[in-house]
Amino acid sequence: MGLLARISTVFKAKINKVLDQMENPHETLDYSYEKQVELLQKVRRNITNVAASKKRLELQVVKLKSDLNKLDGQAKEALRQGREDLARLALERKVQIEQQIQDLEQQVADLNKEQEKLTQVENRLRAKVEAFRTKKEVIKARYSASEAQVKIGEAMTGLSEELADVGMAIERAERRTEEMQARASAIDELIASGVLEEPLGEKDPVEAELKKMQAAGRVEDELSRLKKEVSEG
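- The protein chain is annotated in an unreviewed UniProt entry as Phage shock protein PspA from Thermacetogenium phaeum.
- Here is the UniProt Sequence similarities (unreviewed entry) comment for the protein chain, exactly as written: "Belongs to the PspA/Vipp/IM30 family."

1. Looking at the overall build of the protein chain
- A count of helical and extended segments in the protein chain gives five helices and zero strands.
- Reading the protein chain from its N terminus to its C terminus gives the helix and strand order α-α-α-α-α.
- Across the 233 residues that make up the protein chain, the buried fraction comes to 22%.
- Put simply, of all contacts in the protein chain between residues at least 6 apart along the chain, 92% involve residues at least 24 apart.

2. Here we look at the packing of helix H2 (residues 25-80) against helix H5 (residues 205-232)
- Contact pair H2 / H5: the axes reach a minimum separation of 10 Å and the direction vectors enclose 60 degrees. The angle between H2 and H5 places the two elements in the oblique class. The handedness of the crossing between H2 and H5 comes out as right-handed. From H2, Asp72, Ala75, Lys76, Leu79 and Arg80 reach across to H5, where they touch Glu222, Leu223, Arg225, Leu226, Lys227, Glu229 and Val230.
- Considering only residue class, the contact of H2 with H5 consists of five nonpolar, no polar and seven charged.

3. Quick notes on H2
- Between its first and last C-alpha, H2 extends 84 Å over 56 residues, near the 82 Å set by a 1.5 Å rise per residue.
- Phi turns positive one or two residues past the end of H2, at Gly82, with a value near 75 degrees.

4. Let's talk about the nonpolar core
- If you look at the biggest cluster of nonpolar residues, it comprises ten residues: Ala75, Ala78, Leu79, Ala87, Ala90, Leu91, Val95, Val219, Leu223 and Leu226.
- Counting only elements with at least two residues in this core, the list comes to H2, helix H3 (84-157) and H5.
- Broken down by element, the residue count for this core peaks at four residues, all from H3.
- Beyond its immediate stretch of four places on either side in the chain, Val219 contacts Arg88, Leu91, Glu92 and Val95.

5. Remarks on a nonpolar patch on the surface
- A cluster of nonpolar side chains, contributed by Val206, Leu210 and Met213, occupies part of the molecular surface with about 310 Å² of accessible area.
- Topologically, Val206 is positioned in helix H5.
- Note on Val206: relative accessible area 54%, which makes it exposed.

6. Re the pattern of salt bridges
- Under the defined criterion, the tally for this structure stands at 15 salt bridges.
- Between Arg80 and Glu77 there is a salt bridge whose closest N-O contact spans 3.5 Å. With a gap of three residues between them, Arg80 and Glu77 both fall in helix H2, about one helical turn apart.
- Looking at Arg80, the relative accessible area reads 54%, which means it is exposed.
- With a relative accessible area of 37%, Glu77 lands in the partly exposed category.
- Glu84 serves as the salt-bridge partner of Arg88, at 3.4 Å between the closest nitrogen and oxygen. One end of the pair is Arg88 and the other is Glu84, both in helix H3 and four residues apart, which spans about a single turn.
- Residue Arg88 is classed as partly exposed on the basis of its relative accessible area, which comes to 26%.
- Linked by salt bridges that have partners in common, Glu84, Arg88, Glu220 and Lys227 make up one network.

7. Observations concerning the environment of Glu58
- Within the secondary structure, Glu58 is located in helix H2.
- With 50 residues separating them in the primary sequence, Glu58 and Val108 have C-alpha atoms 7.0 Å apart.

8. A word on the confidence of the model for the protein chain
- Of all residues in the protein chain, 71% attain a pLDDT of 70 or more, and the chain-wide mean is 76.
- Model confidence for the protein chain, summarised as mean pLDDT per element, is weakest for helix H1 (residues 2-22) at 51 and strongest for H2 at 88.
- pLDDT under 50 marks residues 13-19. Its contacts with residues more than four places away, or in other chains, come to three contacts.
- Counting contacts from residues 194-202, a segment whose pLDDT is below 50, to residues more than four positions away or on other chains yields six contacts.

9. As for the environment of Glu220
- For Glu220, the location among the structural elements is in helix H5.
- The exposure class assigned to Glu220 is partly exposed, which follows from its relative accessible area of 38%.
- Considering only alpha carbons, one finds Glu220 and Arg88, 132 residues apart in sequence, at a separation of 8.1 Å.

The rules we used
- Residues numbered from 1 in each chain as written.
- Predicted model: local features only at pLDDT ≥ 70, side-chain atom pairs only at ≥ 80, totals over all residues.
- Heavy atoms only, no water.
- UniProt positions renumbered as here; feature names shortened; annotations may be inferred.
- Helix = DSSP H or I, 4+ residues; strand = E, 2+ residues; numbered from the N terminus.
- Buried < 20%, exposed > 50% of the residue type's maximum accessible area, 1.4 Å probe, protein only.
- Contact = heavy atoms within 4.5 Å.
- Axes fitted to C-alpha atoms, helices over the stretch in contact; angles between N-to-C directions.
- Parallel < 35°, antiparallel > 145°, perpendicular 65-115°, else oblique.
- Left-handed = near helix turned anticlockwise from the far one by under 90°.
- Nonpolar A, V, L, I, M, F, W, Y, C, P; charged D, E, K, R; others polar.
- Expected span 1.5 Å × (residues − 1).
- Core = buried A, V, L, I, M, F, W, Y, C linked by side-chain atoms within 4.5 Å.
- Patch = residues over 30% accessible without salt bridge, like charges linked within 9 Å, V, L, I, M, F, W, Y side chains within 5 Å.
- Areas by Shrake-Rupley, 256 points an atom, 1.4 Å probe, with all protein chains shown as cover.
- Salt bridge = Lys/Arg side-chain N within 4 Å of Asp/Glu carboxyl O.
- pLDDT = per-residue confidence, 0-100.

Spelled out as structure tokens, the structure:
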């Protein structure tokens, strides 16, 4: 087993050496930057989708509110014509629409909060991406300068290939550590923002029945009010 372990160690060392030689630091940094930009664009698309959904709900609320006035007028006209049954039907529809408006307005408020959270995430992530872009260019410039110095030094002093490999391995490890830190930081920002989709739960049957009773009471109140207005008119 000792011989096999030594063979495995030598094999891994050779593989790492090949990877170090093949890996282009400039390409690695650019790739990491592109991934962060893609993440930022995804957050921006989510903000746009939330804003569009909120706008659609707001338009529905406007339409339903216009229907309320129409139904109120229809109920009055039905009472004038002696059709209390039609008046009651119109008022029942009015109460239903009022409940729909209330539910839609709550959804609009929830979407507005979601949009604000996503916007905060987008602002922080954009700052992170911009900082990484600046740092990336600095690291690339430093690497190019260091690479040139190493080549000149090797040509002048005859440094062995083994020593060059050691320097490259250390630099590669440092670079990967920085990239992992940047990725972890971006993920932490998204987690800390609380941007999560919550599943819709089933409605409480007791609460639904209470709302139904309240709606029936409101219908009677509206009917009494309209009767009074019609009789006074």
